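Structure assessment
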Amino acid sequence: MIDESWGFDPSSAPYEIRFHRANYVLFGRYSDNVNSAPFSPLFQSAGGGQNDLSNTEAKFQFSFKARLWATDDRRWGVWAAYTQQSQWQLYNSDVSRAFRDTNYMPELLVSYKPAIDLGGGFNWNLLSAGFNHQSNGRSDVLSRSWNRLFAEVGVERDSLALSARAWYRLPEDAGTDDNPDITDYYGHGEISALYRWRGNSFAAMARGNLSTGKGAVQLGCFSPPILGPLRGYVQVFSGYGETLIDYNWKQNTIGVGIALSDGF
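For the structure given in this document, a descriptive report is provided here. (Residues numbered from 1 in each chain as written. Predicted model: local features only at pLDDT ≥ 70, side-chain atom pairs only at ≥ 80, totals over all residues. Heavy atoms only, no water.)

Our focus in this paragraph is the pairing of strand 2 (residues 23–31). The pairing of strand 2 with strand 14 (residues 250–261) spans 8 bridges and is classified as antiparallel. Among the inter-strand pairings, Val25 is bridged to a residue of strand 14, identified as Ile258. In the sheet, strand 2 pairs with strand 3 (residues 56–70) via 5 bridges, with the strands oriented antiparallel. Directly across from Val25, in strand 3, lies its bridge partner Phe60. (Pairing = 2+ DSSP bridges. Helix = DSSP H or I, 4+ residues; strand = E, 2+ residues; numbered from the N terminus.)

Next comes the structure, spelled out in structure tokens:
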């Protein structure tokens, strides 16, 4: 699974574009606690109500990476990646069906295949490190952003892949930092798992900050292909930071849609 995702096969093209994180569209995503707080000043200045946001919206994500350089045996590679996630008030005509938040995340990273047998059928097949920037491209009270250095390890056994990523937030000037306490909610790393069974994929992610007791979990279920490469997809999220505008907002959400890739 890791070889397939990162092009570690020596016969793979040295320069290529592949999926990175999961690519999907949730036609309906419901939140039990929609976050209207950042938008309240805008609604009031426009003469709207305190809470004009709908609990049900659409959500989609597309993510890909391009290999810029690789060794002849493909064990080392340099990649540029891009992930974009949007929350869209598609069914809310009161706010002109606006995008509630869009997060942009470019990355530059180096990948390496250790190819170490850990025993018990597990193999350490990925070590990567790099830099990413994540922001929502907004201004004033809605602006959110941060820059990180990160390192990731990935191990696998048969149809199970496990990864752990740790990051360090690069400091920003206190006068311009839109979210100085973001690591209180996102923490300093995350763990992920993906299991494939009979054409289905089951994904899980957990992250958090042990010192604050805040974090999030996300679960996903991908069906076998139902139309070409498209698969049914159900996503459940609980905690803080489903999107940057909600980094310090706790909610439970569930969404249903289709997916093109499961993240590997």
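Looking along a regular strand, one sees the side chains alternate between the two faces of the sheet. Pairing analysis gives 3 bridges linking strand 6 (residues 116–119) to strand 7 (residues 122–135), with the strands arranged antiparallel. Looking across to strand 7, one finds that Ile116 is bridged to Trp124. The turn linking strand 6 back onto strand 7 is made up of 2 residues, and Gly120 within it adopts a positive phi angle of 65°.

For the structure shown, the criterion picks out 17 salt bridges. Its salt-bridge partner being Glu4, residue Arg196 comes within 3.8 Å of it at the nearest N-O pair. Residue Arg196 is found in strand 10 (residues 189–197), and its partner Glu4 is found in helix 1 (residues 2–6); the two are separated by 192 residues along the sequence. Connected via shared salt-bridge partners are Arg29, Glu57, Lys59, Arg100, Glu242 and Asp246. (Salt bridge = Lys/Arg side-chain N within 4 Å of Asp/Glu carboxyl O.)

Here we come to the nonpolar core. Counting residues in hydrophobic clusters, the biggest one holds 16 residues, and the most contacted among them are Trp6, Leu109, Trp146, Ile182 and Tyr186. At the level of elements, helix 1, strand 4 (76–88), strand 8 (145–157) and helix 3 (183–186) are the ones that each hand at least two residues to this core. Excluding anything up to four places from it in sequence, Trp146 contacts Asn132, His133, Gln134, Trp167, Arg169, Glu172, Asn179, Ile182, Thr183, Tyr186 and Leu244. Of all hydrophobic cores here, the second largest spans 6 residues; its members include Tyr24, Phe222, Tyr233 and Ala259. (Core = buried A, V, L, I, M, F, W, Y, C linked by side-chain atoms within 4.5 Å. Buried < 20%, exposed > 50% of the residue type's maximum accessible area, 1.4 Å probe, protein only. Contact = heavy atoms within 4.5 Å.)

Moving on to unusual backbone geometry. In this model, Asp158 sits at a positive phi of 55°, which is unusual for a non-glycine residue. Relative to the helices and strands, Asp158 resides in the loop between strand 8 and strand 9 (160–169).

The next thing to look at is the environment of Ala115. Its location among the elements puts Ala115 in the loop between strand 5 (99–112) and strand 6. Residues Ala115 and Asn125, 10 residues apart in the sequence, show an inter-C-alpha distance of 4.9 Å.

Moving on to the packing of aromatic side chains. All chains considered together, the criterion is met by 12 aromatic pairs. Between Phe62 and Tyr82, the ring centres sit 6.2 Å apart and the planes meet at 45°, which makes this aromatic pair tilted. Here Phe62, found in strand 3, pairs with Tyr82, found in strand 4; they are 20 residues apart in sequence, far enough to count as distant. For the pair Phe222 and Tyr233, a centre-to-centre distance of 4.3 Å together with 15° between the ring planes defines the contact as stacked. Of this pair, Phe222 sits in strand 12 (residues 214–227) while Tyr233 sits in strand 13 (residues 230–240), placing them 11 residues apart in sequence. Using a relative accessible area of 1% as the deciding quantity, one classes Phe222 as buried. On the accessibility criterion, Tyr233 (4% relative accessible area) is buried. In textbook terms, an aromatic cluster arises when at least three aromatic residues are bridged by ring pairs, as seen for Tyr24, Phe222 and Tyr233. Taking NZ or CZ as reference, Lys65 lies 5.7 Å from the ring centre of Trp79, over its face. (Phe/Tyr/Trp six-rings, centres within 6.5 Å; stacked < 30°, edge-to-face > 60°. Lys NZ or Arg CZ within 6 Å of the ring centre and 35° of its normal.)

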